[in-house]
Amino acid sequence: MARTAGELSAAGAVDVVPLLPGERAELIDLLASLDDPDWDRPTECPAWNVKGVALHVLGDDLSLLARQRDAMVPSVLTEPSQPAWDGAPVGPLDRFNERWVLAATFLSPTLIVELLRLTGEWTHAWYATVDPNTTGEVVLLVGPDPAPYWMIAAREYLERWVHHLQIRRALQLDAGPLGGHPYAPMAAA
């Protein structure tokens with residue numbers, strides 16, 4: 001049975017903000033250690049190699065800073081739906097992500113790492129200063145209602161963890177510091 005954002009809020013907030021810098025530092029260390037062929041390795045995301053997944057994470061950071069911190073209209077809202085892609089409908093969010101990754105492929109691995117370091121610091125600073133109980137945007141995993149920022153930050157942490165793990169798998173590495181489960185680091189905190 002799905003729960004609403006209100007029901008999850010009543011169950012108690014989960015503070016992932018202290019975990020964000022550690023996960024990002026691990027990702028930065030990993031990406032900084034890659035050689036050129038590693039960036040081209042395919043991932044579980046059929047359309048993206050390691051570089052594409054890293055660019056997606058960067059795009060997520062920039063998008064959330066613009067729409068959450070800076071109160072800009074989310075660009076995804078201006079994306080039209082597209083016809084089916086490999087049998088699955090391509091909605092505005094999918095189209096937005098694909099366009100971002102394609103447009104950003106010119107970035108060098110060095111620049112991607114540097115930008116991920118900066119956007120990681122900026123997103124952490126944002127989530128550390130915003131009132132975690134203030135209502136922000138919708139968390140689609142939970143439901144259609146705007147969610148409190150602690151839940152929004154938890155969604156971002158989970159997404160970062162998943163993409164970080166996808167990169168590690170593409171490189172044939174174990175879960176390492178991620179612990180193999182998105183909530184393992186939270187239990188240790």
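In this text, all values refer to a predicted model and were calculated from it rather than measured experimentally.

(A) Fine view of the packing of helix α2 (residues 20-32) against helix α7 (residues 149-170). Where α2 contacts α7, the axes come no closer than 11 Å and their chain directions differ by 25°. In this view, α2 runs roughly parallel relative to α7, as classed from their interaxial angle. Helix-helix and strand crossings are classified by hand; for α2 and α7 the assignment is left-handed. In this structure, α2 uses Leu20, Glu23, Arg24, Glu26, Leu27, Leu30 and Leu31 to contact α7, whose residues at the interface are Tyr157, Arg160, His164, Ile167 and Arg168. Classifying every residue of the contact of α2 with α7 by side-chain character gives six nonpolar, one polar and five charged.

(B) A look at the side chain of His163. Topologically, His163 is positioned in helix α7. Among the polar contacts made by the side chain of His163, one reaches the side chain of His56 at a distance of 3.2 Å. In contact with His163, other than residues within four places in its own chain, are Val53, His56 and Val57.

(C) Here's a closer look at the nonpolar core. Ranked by internal contacts, the top residues of the largest apolar core, which has 23 residues, are Leu31, Trp39, Val50, Leu116 and Ile167. Those elements that provide at least two residues to this core are α2, α4 (50-69), α6 (109-129) and α7. Of all the elements, α4 adds the most residues to this core, at six residues. Those residues in contact with Ile167 that lie beyond four places of it in its chain are Leu27, Leu30, Leu31, Val50, Val53 and Ala54.

(D) Quick look at the pattern of salt bridges. Overall, the coordinates contain nine salt bridges when judged by the stated rule. With its nearest N and O atoms 2.7 Å apart, the salt bridge here joins Arg24 to Asp61. Within this pair, whereas Arg24 is found in helix α2, its partner Asp61 is found in helix α4, the two being separated by 37 residues in sequence. Since its relative accessible area comes to 4%, Arg24 is described here as buried. For Asp61, a relative accessible area of 1% gives the class buried. Here Arg67 makes a salt bridge to Glu137, at a shortest N to O gap of 2.8 Å. One end of the pair, Arg67, is in helix α4; the other, Glu137, is in strand β3 (residues 135-138), with 70 residues separating them in the sequence.

(E) Focus on the side chain of Arg155. Along the chain, Arg155 turns up in helix α7. There is a polar contact of 3.0 Å between the side chain of Arg155 and the side chain of Glu156.

(F) Representation of α4 within the structure. Compared with the 28 Å implied by 1.5 Å per residue over 20 residues, the 28 Å span of α4 between its first and last C-alpha is a close match. Sitting at the head of α4, Asn49 places a side-chain oxygen 3.2 Å from the backbone nitrogen of Lys51.

(G) Highlighting α7. Between its terminal C-alpha atoms α7 stretches 31 Å, which fits the 32 Å expected from 22 residues at 1.5 Å a residue. Most of α7 is tucked away, with 18 of its 22 residues classed as buried. Just downstream of α7, Gln172 is the residue with a positive phi angle, here 60°.

Rules of the game
- Residues numbered from 1 in each chain as written.
- Predicted model: local features only at pLDDT ≥ 70, side-chain atom pairs only at ≥ 80, totals over all residues.
- Heavy atoms only, no water.
- Axes fitted to C-alpha atoms, helices over the stretch in contact; angles between N-to-C directions.
- Helix = DSSP H or I, 4+ residues; strand = E, 2+ residues; numbered from the N terminus.
- Parallel < 35°, antiparallel > 145°, perpendicular 65-115°, else oblique.
- Left-handed = near helix turned anticlockwise from the far one by under 90°.
- Contact = heavy atoms within 4.5 Å.
- Nonpolar A, V, L, I, M, F, W, Y, C, P; charged D, E, K, R; others polar.
- Polar contact = N/O pair within 3.5 Å; in protein donor to acceptor, adjacent residues only side chain to side chain.
- Core = buried A, V, L, I, M, F, W, Y, C linked by side-chain atoms within 4.5 Å.
- Buried < 20%, exposed > 50% of the residue type's maximum accessible area, 1.4 Å probe, protein only.
- Salt bridge = Lys/Arg side-chain N within 4 Å of Asp/Glu carboxyl O.
- Expected span 1.5 Å × (residues − 1).

The analysis is restricted to geometry; functional conclusions fall outside its scope.
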